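Each chain, written out:
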Amino acid sequence: MALIEVRGVSKVFGPKPQSALPLIAEGRSKAEILAETGHSVGLREIDLDIEAGQIFVVMGLSGSGKSTLIRHLNRLIDPTAGEIRFAGDDILTYDIKALLEFRRSKMSMVFQHFALLPHRTVVDNVAYGLEIQGVGKRERRARAEEWLETVGLAGYGPSLPDELSGGMRQRVGLARALCTDADVLLMDEAFSALDPLIRSDMQDQLAALQARLRKTIVFITHDLDEALRLGDKIAILKDGALVQVGTPADILLHPADAYVESFVRDVNRVRVLTAETVMKPPRLRITTENLDEALRQVRASPHDFAYVQTADGGGYGVVTQEGLEQARRSRTSLKDLTHELPSVQPGQALEEVLPVALQSQFPLPVVDESGELQGVVTKKAVIGVVADQAEARAARAEAAEGDVEPQPSEPPAA
């Protein structure tokens, strides 16, 4: 069961929101409903599952409904129709007392414009959520100092927010959200007000923190590069409707429609896609040091080579059928036959894998942190990603030269 379940959620803004629901069910557009009823559709029949421990990114252009959606998760906004469940509980049934407790202990929020208290010191800003929870002063200050150190702001506790740069203030906001140890972190355009270099640094820091903490993070952005860089799953909204949900690889390689294609068509795929995206199932791995048995295993496989784990257990090399046949006659050991191969990690970007794959005679082994062989990356698979994107770009250029209307339309705003 997902940690957060959103089922059939619609939100209509206006004096009689229920009057617009039949039109939503009929599939009428946002503009049509506004013209006919004077009501604005914020969300239309949203279904989502957000798993524990993942970064779930919701993205779309201005007016798509992404900020409206995130505010439903902690009931800053209530839906016109639908259900929202947290760990199986229907949060729409909570009374004021239960809702306040839910917000204090289960969900923290990081805002676009920091939302720090200017008259409080940095450490007191970070400790504010704990103060609301009733935690004693000594304990909350100690925990706040720990989180300041975690986000790289050790020693800045006595400062006031106005004495810090924008990036540092956003780190304070992040530390404040983390300090309460809430199950879910809601981040609404949290980095969009920052300069590009600071923004990139904050993305790196969030990714590093997430690798250690494994929080459930719902991250709102209008920036596709940010979504692809951070998201385990991405949901794309348009005019309040859910257009597509998938992994970054799903979104890049299988856009649901022309609207999604317009977002992803110019993304440099080798910077986003990983070895895991293109890897094939593991080829034969030799499990014996007996040359006769090793040769038998290779002969029985569809390939004339096989992988052998190195002596230290941290990587893999390769032996060929020809080498095994020669070695059986000369009684050379299997270890002496093995050609060393560079291995890649499942999450390694294809941008890093490509030059290694081009120089290797054999497919590269994909090895996880425990040293297990997860699959192989072939030269053909990596080159195919580059070639497919180049072909698509060439087709668009040809269409433009021939005055053919390029598809898809509606390119996203910068």
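Keep in mind the model is a prediction, meaning the values are calculated, not measured.

Asker: Explain the overall build of the protein residue by residue, including any values.
Answerer: Check the secondary structure of the protein and you find 19 helices and 15 strands. Scored against the burial criterion, the 414 residues of the protein give a buried share of 46%. When contacts within the protein are restricted to residue pairs at least 6 apart in sequence, those whose partners lie at least 24 apart make up 65%. Entry remark: accessible area of the protein is about 20,300 Å², with carbon and sulfur atoms responsible for 49%. Of the charged side chains in the protein, 46 are positive and 60 negative; the average position of the first set lies 4 Å away from that of the second.

Asker: Describe the packing of aromatic side chains, with residues and values.
Answerer: Under the defined criterion, the tally for this structure stands at six aromatic pairs. Among the aromatic residues, those joined into a ring-pair cluster are F86, Y94 and F102. Taking the ring centre of F13 as reference, the NZ or CZ of K11 above it sits at 5.4 Å.

Asker: Quick one: what's the story with the pattern of salt bridges, residue by residue and with numbers?
Answerer: In this structure the tally under the stated criterion is 19 salt bridges. The partner of D183 in a salt bridge is K106, with the nearest N and O atoms 3.5 Å apart. Taken together, the residues D183 in the loop between α8 (166-179) and β7 (184-188) and K106 in the loop between α4 (96-105) and β6 (107-110) connect sequence positions 77 residues apart. The class for K106 is partly exposed, based on a relative accessible area of 32%. Between R296 and E293 there is a salt bridge, with its nearest N and O atoms 2.7 Å apart. Of this pair, R296 and E293 both sit in helix α15 (residues 291-299), three residues apart, which is roughly one turn of that helix. A residue is classified by how much of its surface remains accessible, and E293, at 26% relative accessible area, is partly exposed. One salt-bridge network, held together by shared partners, links E26, R28, E32 and E36.

Asker: Tell me about helix α16 (residues 321-330), and name the residues and values.
Answerer: Listed in full, the buried residues belonging to α16 are G323, L324 and A327. Buried residues of α16, viewed axially, fall in a sector of 95°; they line one side. Looking at α16, the residues exposed on the side facing more than 90 degrees away from the buried face are E322 and R329. Tucked into the core, α16 has its buried residues touching α15, β12 (316-320) and α17 (334-337). Within two residues after α16, R331 carries a phi angle of roughly 60°, on the positive side.

Asker: Lay out the packing of α8 against helix α9 (residues 196-213) in plain terms, naming residues and giving numbers.
Answerer: The geometry of α8 relative to α9 is characterised by a closest axis approach of 10 Å and an angle of 20° between their N-to-C directions. Judged by the angle between their axes, α8 and α9 are roughly parallel. Viewed along their axes, α8 and α9 form a crossing whose handedness is right-handed. Seen from α8, the contacting residues are G167, Q170, R171, L174 and L178; seen from α9, they are I198, D201, M202, Q205, L206, L209 and L213. In terms of residue class, the contact of α8 with α9 is made up of seven nonpolar, three polar and two charged.

Asker: Quick one: what's the story with the nonpolar core, residue by residue and with numbers?
Answerer: Counting residues in each nonpolar core, the largest one holds 63 residues, and the members touching the most others are L174, M187 and F219. Tallying contributions element by element places α8 first for this core, with seven residues. When sequence neighbours within four positions are dropped, the list of residues in contact with F219 reads I55, F56, V57, V58, M187, F191, L206, E226 and L230. Residues L43, I50, V58 and V184 belong to the second largest nonpolar core, which totals 26 residues.

Asker: With reference to specific residues and values, describe the sheet that holds strand β1 (residues 4-13).
Answerer: The antiparallel open sheet is built from four strands, whose spatial order is β2-β1-β4-β5. Single-partner strands in this sheet number two, and they are β2 (40-50) and β5 (89-90). As paired strands, β1 and β2 are joined by seven bridges and run antiparallel to one another. Residue pairing across strands places V6 opposite L48, the latter belonging to β2.

Asker: Tell me about the environment of G167, and name the residues and values.
Answerer: The residue G167 is located in helix α8 in this model. Among the residues examined, G167 registers a relative accessible area of 6% and is labelled buried. Each C-alpha atom of the pair G167 and K380 lies 42 Å from the other, and the pair is 213 residues apart in sequence. Not counting residues up to four positions away in its chain, the partners in contact with G167 are L194, I198 and M202.

Procedures and definitions
- Residues numbered from 1 in each chain as written.
- Predicted model: local features only at pLDDT ≥ 70, side-chain atom pairs only at ≥ 80, totals over all residues.
- Heavy atoms only, no water.
- Helix = DSSP H or I, 4+ residues; strand = E, 2+ residues; numbered from the N terminus.
- Buried < 20%, exposed > 50% of the residue type's maximum accessible area, 1.4 Å probe, protein only.
- Contact = heavy atoms within 4.5 Å.
- Areas by Shrake-Rupley, 256 points an atom, 1.4 Å probe, with all protein chains shown as cover.
- Lys, Arg positive; Asp, Glu negative; His and termini not counted.
- Charge placed at Lys NZ, Arg CZ, Asp CG, Glu CD.
- Phe/Tyr/Trp six-rings, centres within 6.5 Å; stacked < 30°, edge-to-face > 60°.
- Lys NZ or Arg CZ within 6 Å of the ring centre and 35° of its normal.
- Salt bridge = Lys/Arg side-chain N within 4 Å of Asp/Glu carboxyl O.
- Arc of directions from axis to C-beta.
- Axes fitted to C-alpha atoms, helices over the stretch in contact; angles between N-to-C directions.
- Parallel < 35°, antiparallel > 145°, perpendicular 65-115°, else oblique.
- Left-handed = near helix turned anticlockwise from the far one by under 90°.
- Nonpolar A, V, L, I, M, F, W, Y, C, P; charged D, E, K, R; others polar.
- Core = buried A, V, L, I, M, F, W, Y, C linked by side-chain atoms within 4.5 Å.
- Pairing = 2+ DSSP bridges.

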